[in-house]
Amino acid sequence: MATPEADLCSSNSAAERTRPYVNEAKAVYFVNLRDGDKVTSPFRIAFGLVGMGIAPAGVRMENTGHHHLLINQKLTNEMLIKPIPFTDKYRHFARGETEATLDLPPGKHTLRLLFADAEHKPYYISSKEITVEVVARNDLGKKQ
């Protein structure tokens, strides 16, 4: 069954992926990754957002915030009531980034986006958790 995000091309500009649509439900999703994808690390990860605006951390505007990526971390009710911690399992995109390069070791990893306000306090908006498998590493360009 097709989903609205399946119709989006990963080459869409950040402005297209994050334009607030006032009459649509609020949602955050992975633009270029699907559950079960096999990837070579490092890999590009792009975030989509509907119904909210993007701004750097510290910028206080209604219905605006920034992305956080939970890596191998389950989303709990407790996480939704306090600011998101700063650890390797909780990546903050506090400058308002809508994509990044992720470098993970080989193996299966769970990923989930969580959208939060200026003080890193989560809105009740998260993506579905997906599992990706890093099957190889691309060490080209790294100094030996």
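Check the entry above for the structure.
Residues numbered from 1 in each chain as written. Predicted model: local features only at pLDDT ≥ 70, side-chain atom pairs only at ≥ 80, totals over all residues. Heavy atoms only, no water.

Chemist: With reference to specific residues and values, describe the nonpolar core.
Modeler: Counting 22 residues, the largest nonpolar core has Phe30, Leu33, Phe43, Ile45, Leu69, Leu102 and Leu111 as the members making the most contacts within it. When residues of this core are traced back to their parent elements, those giving at least two are strand 1 (27-30), strand 3 (43-50), strand 5 (64-71), strand 7 (99-102), strand 8 (107-116) and strand 10 (130-137). For this core, the element with the most residues is strand 3, which contributes four residues. Core analysis: the next-biggest nonpolar cluster, separate from the first, contains seven residues, Met79, Leu80, Ile84 and Tyr90 among them. (Core = buried A, V, L, I, M, F, W, Y, C linked by side-chain atoms within 4.5 Å. Buried < 20%, exposed > 50% of the residue type's maximum accessible area, 1.4 Å probe, protein only. Helix = DSSP H or I, 4+ residues; strand = E, 2+ residues; numbered from the N terminus.)

Chemist: Before we move on, could you go through the pairing of strand 9 (residues 122-126) and cite the residues and values that matter?
Modeler: Looking at chain direction, strand 8 and strand 9 are connected through two bridges and run antiparallel. From the neighbouring strand, alanine 116 faces strand 9, where its bridge partner is proline 122. Where strand 8 folds back onto strand 9 in an antiparallel hairpin, the turn is made up of five residues, including histidine 120, whose phi is positive at roughly 70°. (Pairing = 2+ DSSP bridges.)

Chemist: Which residues make up the side chain of histidine 92, and what values go with them?
Modeler: Along the chain, histidine 92 falls in strand 6 (residues 90-92). Look at histidine 92 and you get buried, because its relative accessible area is 17%. For histidine 92, the side chain forms a polar contact with the side chain of histidine 68, separated by 3.0 Å. (Polar contact = N/O pair within 3.5 Å; in protein donor to acceptor, adjacent residues only side chain to side chain.)

Chemist: I'd love a proper account of the environment of alanine 136, names of residues and values included.
Modeler: Tracing the sequence through the fold places alanine 136 in strand 10. As a C-alpha pair, alanine 136 and valine 39 span 97 residues in sequence and 7.3 Å in three-dimensional space. Apart from the residues within four sequence positions on either side, alanine 136 is in contact with Val39, Thr40 and Ser41. (Contact = heavy atoms within 4.5 Å.)

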